[in-house]
Amino acid sequence: MISAVEELVEELAGLPSIGRKSAWRLALHLLERRSEDVFRLADTIRSVKERVLTCSRCGNYGETDPCKVCSDTKRDSSVICVVEKPVDVFSMESHGRFRGLYHVLGGVLSPINGITPDKLRIADLVDRATREKPSEIIIAVGGSAEAETTAHYITRVLENTGVKLTRLARGLPAGASLEYVDPVTLVQALNERTGISYGHHG
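Novice: Tell me about the nonpolar core, and name the residues and values.
Specialist: Cys81, Met92, Phe98 and Leu168 are the most contacted members of the largest nonpolar core, which has 21 residues in total. Taken together, the elements giving at least two residues each to this core come down to α4 (68–71), β3 (76–83), α5 (86–94), β4 (100–104) and α8 (183–191). Once residues within four sequence positions are removed from consideration, Met92 is found in contact with Cys81, Phe98, Tyr102, Leu178, Leu186 and Leu190. Of all hydrophobic cores here, the second largest spans 19 residues; its members include Val82, Leu120, Ile122 and Leu158.

Printed below as a string of structure tokens:
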């Protein structure tokens, strides 16, 4: 029979970047903390899960729907920045230079892992491009092979909308996620973004 501590370790080990050794360290650390500290952490996790929603417009997390960014009338609604995950919105917002809106895909295409276009918010992006008619869509996915495939696919499905497409400049390290890019490099990549030509498909 699994012990209470082992059960906690199993749960912690299921978190990203947490191996079994780290999970054991975290579990023991929690046991050593005062009960009120641990219960406050547990209450905070429960509260976040109950209060935080997914924005129906952009797919980012927030406590309202539409989210704080989508509701901000001072934002430039003519520019939409397409990112992989909500953490990428946090990365973009942390430097405070981008004043447009976002569209969170929910990941990148990876057929080998069962992530096909219908599993991502690509159809929603096409709908927004058609309905909101932005002047520019910035594709700000990472530099992995899957991200490149995703960027090409988005370019193809947006072709008929006629919206100007750009990508972040190549100052980004190859294969990197926005999540791990330093603010200076990210601002430079944003400022020096390049245009994407739709091309013609036979």
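Novice: Report on the pairing of β3, specifying residues and quantitative values.
Specialist: As judged from the five bridges shared by β3 and β4, these two strands associate in the parallel manner. Residue Val82 lies in a different strand from β4, and its bridge partner there is His103. With α5 bridging β3 and its parallel neighbour β4, the resulting β-α-β unit is right-handed. The pairing of β3 with strand β5 (residues 136–139) spans four bridges and is parallel. Looking at β5, one finds that Val79 is bridged to Glu136.

Novice: Which residues make up the environment of Arg57, and what values go with them?
Specialist: Counting through the fold element by element, Arg57 comes out in the loop between β1 (53–54) and β2 (61–62). When the C-alpha atoms of Arg57 and Ile115 are compared, they prove to be 21 Å apart, with 58 residues separating the residues in sequence. Non-local contacts of Arg57, meaning those with residues more than four positions away in its chain, are made with Asp65, Cys70, Leu101, His103, Arg121, Arg128 and Glu132.

Novice: Please give an account of the sheet that holds strand β6 (residues 164–167) that cites residues and values.
Specialist: Spatially, the five strands line up as an open sheet ordered β4-β3-β5-β6-β7, and their pairing is mixed. Each edge of the open sheet is held by one strand with a lone partner, namely β4 and β7 (194–196). Taken over all neighbouring pairs, the strand axes of this sheet differ in orientation by 35° on average, direction set aside. Taken together, the three bridges between β6 and β7 define a ladder with antiparallel strand orientation. Its bridge partner lying in β7, Thr166 is registered against Gly195. Along the sheet, α5 makes contact with β3 and β4, crossing β4 at roughly 160°.

Novice: So what's going on with the pairing of β5? Which residues, and what values?
Specialist: Both faces of β5 are covered, namely the face carrying Glu136 and Ile138 and the face carrying Ile137 and Ile139. Sheet topology note: the β5/β6 ladder contains four bridges and is parallel. Residue pairing across strands places Ile139 opposite Arg167, the latter belonging to β6. Regarding the hand of the β-α-β motif, the stretch spanning β5, helix α7 (residues 145–157) and β6 is right-handed.

Novice: Please give an account of the pattern of salt bridges that cites residues and values.
Specialist: Enumeration according to the criterion identifies 14 salt bridges in this entry. Linking Glu93 and Arg75 is a salt bridge whose minimum nitrogen-to-oxygen distance equals 2.8 Å. A residue pair is termed long-range when its members are at least 10 positions apart, and Glu93 in helix α5 and Arg75 in the loop between α4 and β3 qualify at 18 residues. For Arg167, the salt bridge goes to Glu148, with nearest N and O atoms at 3.2 Å. Of this pair, Arg167 sits in strand β6 while Glu148 sits in helix α7; the two residues are 19 residues apart in sequence, bridging distant segments of the chain. A cluster of three or more residues bridged by salt bridges with shared partners is formed by Arg33, Arg34, Glu36, Asp37 and Arg40.

About the thresholds
Numbers given to residues run from 1 along each chain, matching the order in which its sequence is written. Residue-level local features of this predicted model are given only where pLDDT is at least 70; pairs of side-chain atoms are given and counted only at 80 or more, and the full residue set underlies all totals for whole chains, interfaces and linings. To get the side-chain values, take all heavy atoms of the structure and skip hydrogens and water. Only buried residues count toward a nonpolar core. Its members are Ala, Val, Leu, Ile, Met, Phe, Trp, Tyr and Cys residues joined through side-chain atoms within 4.5 Å. Throughout this description, buried means an accessible area under 20% of the type-specific maximum (1.4 Å probe, protein chains only), exposed means over 50%, and partly exposed covers the range between. Helical segments are the DSSP runs of H or I of at least four residues, strand segments are the runs of E of at least two, and each set is numbered from the N terminus. A contact between two residues is defined here by any heavy atoms of the two lying within 4.5 Å. Whether two strands pair depends on DSSP finding at least two bridges between them. Here a crossover is taken to be right-handed if, once the strands point away from the viewer, the path from the first strand over the helix to the second is traced clockwise. All axes here are fitted lines through C-alpha atoms, helices being fitted over the stretch that makes contact, and every angle between N-to-C directions spans 0 to 180 degrees. Only one rule defines a salt bridge in this text: a Lys or Arg side-chain nitrogen within 4 Å of an Asp or Glu carboxyl oxygen.

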